[in-house]
Amino acid sequence: MGKLIYLDNGATSYPKPEEVYTYMDHFYRSFGVNPGRSGYDLCLEAAATVDDTRKRLTSLFHGTDPNHLCFSYNSTDALNLIMFGMLRPGDHAISTTIEHNSVLRPLYHLSRDGVAVDYVPFDGAGFVDPDEIRKRFRPNTRLVIVNHASNVIGTVQPVREIGRYCREAGIYFAIDASQSAGKVPIDVEEQFLDAVAFTGHKSLLGPTGIGGLYVREGVEIRQTRAGGTGVRSAERAHLEEYPFRLEYGTPNVCGIAGLHAGLKWIEARGMGAIHEQEMVLARLLRDGLAGIPGVILYCQENLANHIAVLAFNVQGMDAGDVGTMMDVDYDIACRTGLHCAPLVHEQLGTAKIRGSVRFGIGPFNTEAHIAVAVEAVREIASLAKR
Ligand SMILES: Cc1ncc(COP(=O)(O)O)c(C=O)c1O
């Protein structure tokens, strides 16, 4: 990997485990055909990998039926399937100000077509109060959709409490698990989740271009796309049953194979152990940055209910300039700007200074990386005019 220090794991995990690269290469050369379309051996092998990946993801989310695990191209795709498939003009939806544009923009488009939407703000520590969500329930509220773990400030929302309120009120509850899947426990039964949208290329350690959603049994998501499924081709309408209901066209088999290898890597080490190791580094990073004069941290001292993502600014400096110096002078990759979450920055007051600098820690980061990053920020901050 050279001497680059990669701290942009919130955008995508990099590098991937070696097993992901080798399995994708092996799979695509050996079985890279269209699964579920024919009965020859290669096709059956490809389908077996797709099915086994469905099973592993279903068990990661504590689901009951692997056929309710539908593949999509990323979480944006999955979130669009959920929102456009659940909401109709005249419905009301509740979301939060901690959302990514993958939720905000579909909701904005739906609101232009007659869906009313409320956005609940997060509190000073970065958490959404479930009671604030419940207060906004209306007779026509159909969906509550919440970002499980923030891609800007790293806080993990109390989804079980929100889910319980929704279930009691008969309202669908969906989470955007883009940052949390593979890091934080997700349990569709215990957390009262009706739909979970995930992406394969972040904490699940797979490649880009693969994601999906788990839909709880009994939950109806209307089809908003239709096409070939390889099954019962004489039928005029797209199939009703999951997973075909929300899958259309040839799947990203090579992506599924990479995700399969990423999942096996996580299972072998234990999701909890990986998360704990990252949080040890997050603690070092947070405390290191907190000790630098002129650094404004958007992260509480208490790192409970947190993932290893945190944001900061250097007083008197543009976040983009800090990122450029990190890259050019220190060979550290990080993300700057609004991180596709404009309402977070509006609420933090950072929108007008064009966002913040974000570090995202991954399983291949080390204490040495964190030490270099903290010293880099210290040197950069010492140059700021305050
Ligand atoms: C919270 C959150 N939601 C949604 C997304 C979108 O993920 P993807 O680009 O894989 O669809 C991201 C990725 O940055 C994210 O962090």
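Look a little higher up for the structure.
Values in this document were obtained by computation on a predicted structure and should not be read as measured data.

S.K.: Hey, could you run me through the pairing of strand β10 (residues 309-314) in this one?
M.R.: For a regular strand, side-chain orientation follows a simple rule: the groups alternate between the two sheet faces. Where burial is concerned, most of β10 is hidden: six out of the six residues are buried. The alternating pattern of β10 places Val309, Ala311 and Asn313 on one face and Leu310, Phe312 and Val314 on the opposite face, and all of these are buried. Of the strand pairs in this sheet, strand β9 (residues 295-297) and β10 are connected by three bridges, and their pairing is antiparallel. Bridge pairing links isoleucine 296 to asparagine 313 in β10. Pairing analysis gives four bridges linking β10 to strand β13 (residues 356-360), with the strands arranged antiparallel. Bridge pairing links alanine 311 to arginine 358 in β13.

S.K.: Looking at this structure, how should I read the sheet that holds strand β3 (residues 92-96)?
M.R.: Pairing between sheet strands relies on hydrogen bonds along the backbone, with the strands arranged either parallel or antiparallel. One open sheet holds the seven strands; their spatial order is β2-β8-β7-β6-β5-β3-β4, and the pairing between them is mixed. On the outer flanks of this sheet lie β2 (69-72) and β4 (116-120), each paired with one strand and no other. Between one strand axis and the next, the sheet turns by 20 degrees as a mean value, whatever way the strands run. Sheet analysis places strand β6 (residues 172-176) next to strand β7 (residues 195-199), joined by three bridges and oriented parallel. Note that in β7 the partner of alanine 174 across the bridge is alanine 195.

S.K.: Help me understand the site of the ligand, please; the structure alone is not making it clear to me.
M.R.: Every one of the 13 residues lining the ligand counts as a neighbour, but Thr76, Asp176, Thr199, His201 and Lys202 are closest to it. Within the side chain of threonine 76, a nitrogen or oxygen atom sits 2.6 Å from an oxygen atom of the ligand. With respect to the ligand, the side chain of serine 178 contributes an N or O atom lying 3.1 Å from a nitrogen atom. Relative to its unbound accessible surface of 400 Å², the ligand loses 87% to contact with the protein. Classifying every residue of the shell around the ligand by side-chain character gives no nonpolar, eleven polar and two charged.

Analysis parameters
By convention here, each chain's residues receive numbers from 1 onward along its written sequence. Since the coordinates come from a predicted model, pLDDT governs what is reported: local features require at least 70, and pairs of side-chain atoms require 80 or more to be given and counted, while whole-chain, interface and lining totals use all residues. Values reported for side chains reflect all heavy atoms of the structure, with hydrogen atoms and water molecules removed beforehand. Buried residues are those whose accessible area, probed at 1.4 Å on protein chains only, stays under 20% of the maximum for their type, while exposed residues exceed 50% and partly exposed ones sit between those limits. Labels follow the DSSP assignment, with helices taken as runs of H or I lasting at least four residues and strands as runs of E lasting at least two, numbered in each case from the N terminus. Two strands pair if DSSP finds at least two bridges between them. All axes are obtained by fitting lines to C-alpha atoms, using only the stretch in contact for helices, and the reported angles, taken between N-to-C directions, cover 0 to 180 degrees. Distances are taken per atom, and a residue is near a molecule or strand as soon as one of its heavy atoms is within 4 Å of it. For this analysis, a polar contact is any N or O atom pair within 3.5 Å, provided that within protein one partner can donate a hydrogen and the other can accept it, and provided that sequence-adjacent residues contribute only side-chain to side-chain pairs. Methods summary: accessible areas were calculated by the Shrake-Rupley approach with a probe of 1.4 Å, and residue burial reflects only the protein chains presented. Side-chain classes are defined by residue name, with Ala, Val, Leu, Ile, Met, Phe, Trp, Tyr, Cys and Pro counting as nonpolar, Asp, Glu, Lys and Arg as charged, and the others, Gly among them, as polar.

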